[in-house]
Amino acid sequence: PTLTVQIQGESLLNDGTAMVLFLVAHNMLKGEQYDAKGVAVFLFYMVAGSWFLGAVIGAVFSSWIRSAGNRLEHHSSMIQISLTLCCAYGSFVFAEGVIGISGVLSNVAAGLVLADTIWPKIVSQEAMHEVWHTIEYVGNTIIFFLAGALSGKAMVSIDLVDYLHLLLIYMVVMAIRGAVLFASRPVLKWLSPDRTPVTMAEAAVMTWGGLRGAVGLALAIQLSVDRAGGLLKQEVADRVLFFTGGIAMLTLIVNATTCPILVKKLAITATPHTKAKLMLQIHQRLSELGDQSKGMVKETVTRLLKDVEHHIHIACLVSEGSQVDWQRDEASVDLPRGSIIVAEYQEAKGGFDEVSTKHKELLGWDMDDPLIQQEANLLTHAAAAVDPEMFRTINEAYLGMVRSEHWAQIERGEFVKGTNSAESLLSANTKAFQLAQNGIHDLHWLLRSFGLSDSDVEMMSQAPSVRPRLSTSSTLSFSAKPKCYDFCARTIRSMTFQGTIVTVILINSILIFLDPGPQSPDVVLWVVLDCLFQVVYIVELVMKLVVLRLKFFSDGWNALDFMCVVLGLFGNLTSIVVAVGVVSSSAVSNE
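J.: Kindly report on the environment of glutamine 284, identifying the contributing residues and their values.
T.: Along the chain, glutamine 284 falls in helix α11 (residues 273–290). Residues glutamine 284 and glutamate 309, 25 residues apart in the sequence, show an inter-C-alpha distance of 9.3 Å.

Have a look at this one:
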């Protein structure tokens, strides 16, 4: 999954950046002059403005889609699908056609916001996937058909030497792509939550799997039609279309057909030995349970388990002589967590033994439970040396089952509408999964999402008689929290406050578009309005910092909000300086 996300993310950013660079080159062909500073400012304006606008539009539609997540309403699924379509095309049209910035980057930003926030509220995920897969297929088919038809027409007038140039361009493109990806491996490792390095094999697959497609062909078709306002010769436009279509064709014919062979050769998708070992362990346990059956049931279960074992040995690349046990591999190391787990279990068991038999019966406790019968064996395994890879595999399997149960709860409608319970649980599970080699810490990340630490929960869970013996600083922090902390926490988590902030952002975006500029006679009024909006953003930021403190910056969206507020303050100061006449607007524009 990590490699898939990296390839998809690289493709999205590639397409958006290509659109912006194409626009710069297109404008230069039409006669506009750019120096190095002008190109840098233009790129920053296009990229930052597009991402900010897309994030705002995505947040607005995310709130709208979540409000339509009533599973008892017959048309909820259709409404949500329609809103995603409006968000996709609205973000592109508003950015590209109205404001004049990158519609693709705005679309990507809006899509990332939706993907990060709406899935727990989607009524029918299958319908959402099917609709968008169909749109993707139809769109790609139309673009490739048009590009093929136009390229076929252009091939008539293409010189034979251009076919050699096409092969040379193809090799240079692949070489540049490989150099960039291999050089970016340290950066990708640093961006990984668990600092997992990108292997040479993964970088090779990312290089060879980079297929050229719809965006490049669409840009080439646009250039072939308008020819930079008629300033470009038709034969040059045809040559660009031929090269672009040829590169796309070569990547589809050569790269796409041979990439599966490369993936298999490099064993990218091969199941790790530890996971296969765990599967054999489960298979052995199922075989023991199957032996307890009789008659046709036993024969059917035995035949089914033999097919499963064959799949594990063949498809998972495990040799027939694999031993199904929990003994250490050569790469195993002694981890202190085994003894810690046993000590914590014994401590918890001591507290549970003090519970009366009557209360245990009310809890449904059964001493004949199979796990209780195997307690001694399980503790022996827990205290023994653990293979780190096996430890991680088991944690990932457990967290995967927990995540599946969360989604099943969402499908059954067990979460209270209007709350972020599902989102918080899924987010905590995702972060814990990324750091599964350190243990199962989904509760830790869940508490952090609420602005709490493990020590806070431990102190609050103590008996009242114990709390007065806490340190003075701890007592003061807990006594001070209800006055300010609790108010801020309730406010920023309420749907009313979140809806208000989204509405303010939307109104502010519209007013930014309508702002006549510093030459307007009502410039003071516009500056005052900008300052009022900025005050709202600062209040929201301060309230979040009161609740989350430095943990506020651990979330990427919060860091983006902070950056936007800081940039907004700089813009307000600039507007005030221009409004009072300290600096002319032309001087500010030049800078």
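J.: With reference to specific residues and values, describe the side chain of serine 76.
T.: Position of serine 76 relative to the elements: it lies in helix α3 (residues 76–99). Exposure remark for serine 76: the relative accessible area of 4% places this residue in the buried category. For serine 76, the residues in contact, after removing those within four places along its chain, are Ala68, Asn70 and Val123.

J.: Break down the packing of α3 against helix α5 (residues 125–155) for me, with residues and values.
T.: The interhelical angle for the contact between α3 and α5, taken along N-to-C directions, is 40 degrees, at an axis separation of 10 Å. When the axes of α3 and α5 are compared, the pair comes out oblique. When you trace α3 past α5, the crossing you get is right-handed. Contacts from Ser77, Gln80, Ile81, Thr84, Leu85, Ala88 and Tyr89 in α3 reach Ala127, Met128, Val131, Trp132 and Ile135 in α5. For the contact of α3 with α5, the residue count by class is nine nonpolar, three polar and no charged.

J.: Account for the nonpolar core, with residues named and values stated.
T.: Of all hydrophobic cores here, the largest spans 19 residues; its most connected members are Phe61, Ile65, Cys87 and Leu114. Within the residue set of this core, elements represented by two or more residues are α1 (2–29), α2 (36–67), α3 and α4 (103–117). Here isoleucine 65 is in contact with Gln80, Leu83, Thr84, Leu114, Ile118 and Ile122, once residues within four sequence places are set aside. Counting residues in each nonpolar core, the second largest holds 15 residues, with Val504, Phe533, Leu548 and Phe552 among its members.

Basis of the calculations
- Residues numbered from 1 in each chain as written.
- Predicted model: local features only at pLDDT ≥ 70, side-chain atom pairs only at ≥ 80, totals over all residues.
- Heavy atoms only, no water.
- Helix = DSSP H or I, 4+ residues; strand = E, 2+ residues; numbered from the N terminus.
- Buried < 20%, exposed > 50% of the residue type's maximum accessible area, 1.4 Å probe, protein only.
- Contact = heavy atoms within 4.5 Å.
- Axes fitted to C-alpha atoms, helices over the stretch in contact; angles between N-to-C directions.
- Parallel < 35°, antiparallel > 145°, perpendicular 65-115°, else oblique.
- Left-handed = near helix turned anticlockwise from the far one by under 90°.
- Nonpolar A, V, L, I, M, F, W, Y, C, P; charged D, E, K, R; others polar.
- Core = buried A, V, L, I, M, F, W, Y, C linked by side-chain atoms within 4.5 Å.

Interpretation in functional terms is not warranted from these geometric data alone.
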